[in-house]
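The chain contents come next:
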Amino acid sequence: MDGRRRNPYQLTDESPVYVISIAAQLSGLHPQTLRQYDRLGLVSPDRTAGRGRRYSARDIELLRTVQQLSQDEGINLAGIKRIIELENQVAALQQRVAELSAAVDGAAVAMQQREAQVHASYRRDLVPYQDVQQAGALVVWRPKRQRD
């Protein structure tokens, strides 16, 4: 935690707050349709201790999407389930790519910092340069002969 106290009543799109009757009204569907979608695994609301369904704003948006795909696009429920699964998989993969990109960026920054440290550690002493004159000597090398 970052030191600040979190508000326990702070709601997000994933907060399960709507009972089935309200979720049905908000999505424009019949409560029995919501139960069927839950049984099929299209929309899986959270459950209370008494097993009552609690829908989030994201669940209601998903219900509207299922209705639009079914009624306007003519896609059957099995196809809709597969579309939802693939969209969830794509979202998870996009999240993983973002995490890996951040890790690569962090590693690149760390590498650049380490490289700068290495360059900063070089000794900067002045070394006198002396031009070495080649002598005019000639060296002859002869390999030893093997005795037969």
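None of the values given here were measured: they were computed from a predicted structure.

Novice: Which residues make up the pattern of salt bridges, and what are the values?
Specialist: Applying the stated rule across the entire model yields 6 salt bridges. A salt bridge links arginine 64 to glutamate 61; the nearest nitrogen and oxygen atoms lie 3.8 Å apart. Of this pair, arginine 64 and glutamate 61 both sit in helix α3 (residues 57–71), 3 residues apart, roughly one helical turn. For arginine 64, a relative accessible area of 37% puts it in the partly exposed group. The residue arginine 82 makes a salt bridge to glutamate 85 at a minimum N-O spacing of 3.5 Å. Note that arginine 82 and glutamate 85 are positioned in helix α4 (residues 77–120) at a spacing of 3 residues, about one turn of the helix. Exposure remark for arginine 82: the relative accessible area of 46% places this residue in the partly exposed category. Given a relative accessible area of 37%, glutamate 85 falls into the partly exposed group. Counted as one network, the salt bridges with shared partners bring together Asp38, Arg47 and Arg53.

Novice: Any details on the confidence of the model for the protein chain? Residues and values, ideally.
Specialist: Looking at the protein chain as a whole, the pLDDT averages 85, with 83% of positions reaching at least 70. Ranking the elements of the protein chain by mean pLDDT puts strand β1 (residues 46–47) last, at 88, and α4 first, at 95.

Novice: How would you summarise a nonpolar patch on the surface if you had to cite specific residues and measurements?
Specialist: Residues Val19, Ile22 and Leu26 make up a contiguous nonpolar surface patch of roughly 200 Å² in combined accessible area. If you trace the backbone, isoleucine 22 turns up in helix α1 (residues 20–27).

Novice: Report on the nonpolar core, specifying residues and quantitative values.
Specialist: Among the nonpolar cores identified, the biggest contains 15 residues, and Leu34, Tyr37, Leu42, Tyr55, Leu63, Val66 and Ile80 are the most heavily contacted of them. Among the elements that line this core, the one with the most residues is α3, at 4 residues. In contact with valine 66, not counting residues within four places along its chain, are Tyr37, Leu42, Ile80 and Ile84.

Novice: Which residues make up the side chain of serine 56, and what values do they have?
Specialist: Structurally, serine 56 is set in the loop between β2 (53–54) and α3. Overall, the relative accessible area of 4% leaves serine 56 in the buried class. Setting aside its immediate chain neighbours within four residues, serine 56 contacts Asp13, Glu14, Ser15, Pro16 and Tyr18.

Novice: How would you sum up the packing of α3 against α4? Please name residues and give values.
Specialist: Between α3 and α4, the shortest axis-to-axis distance is 10 Å and the interhelical angle comes to 135°. Comparing their axes, α4 and α3 come out oblique. When you trace α3 past α4, the crossing you get is right-handed. Each of Leu62, Val66, Leu69 and Ser70 in α3 lies in contact with α4, whose residues at this interface are Ile80, Ile83 and Ile84.

How each quantity is defined
Residues numbered from 1 in each chain as written. Predicted model: local features only at pLDDT ≥ 70, side-chain atom pairs only at ≥ 80, totals over all residues. Heavy atoms only, no water. Salt bridge = Lys/Arg side-chain N within 4 Å of Asp/Glu carboxyl O. Helix = DSSP H or I, 4+ residues; strand = E, 2+ residues; numbered from the N terminus. Buried < 20%, exposed > 50% of the residue type's maximum accessible area, 1.4 Å probe, protein only. pLDDT = per-residue confidence, 0-100. Patch = residues over 30% accessible without salt bridge, like charges linked within 9 Å, V, L, I, M, F, W, Y side chains within 5 Å. Areas by Shrake-Rupley, 256 points an atom, 1.4 Å probe, with all protein chains shown as cover. Core = buried A, V, L, I, M, F, W, Y, C linked by side-chain atoms within 4.5 Å. Contact = heavy atoms within 4.5 Å. Axes fitted to C-alpha atoms, helices over the stretch in contact; angles between N-to-C directions. Parallel < 35°, antiparallel > 145°, perpendicular 65-115°, else oblique. Left-handed = near helix turned anticlockwise from the far one by under 90°.

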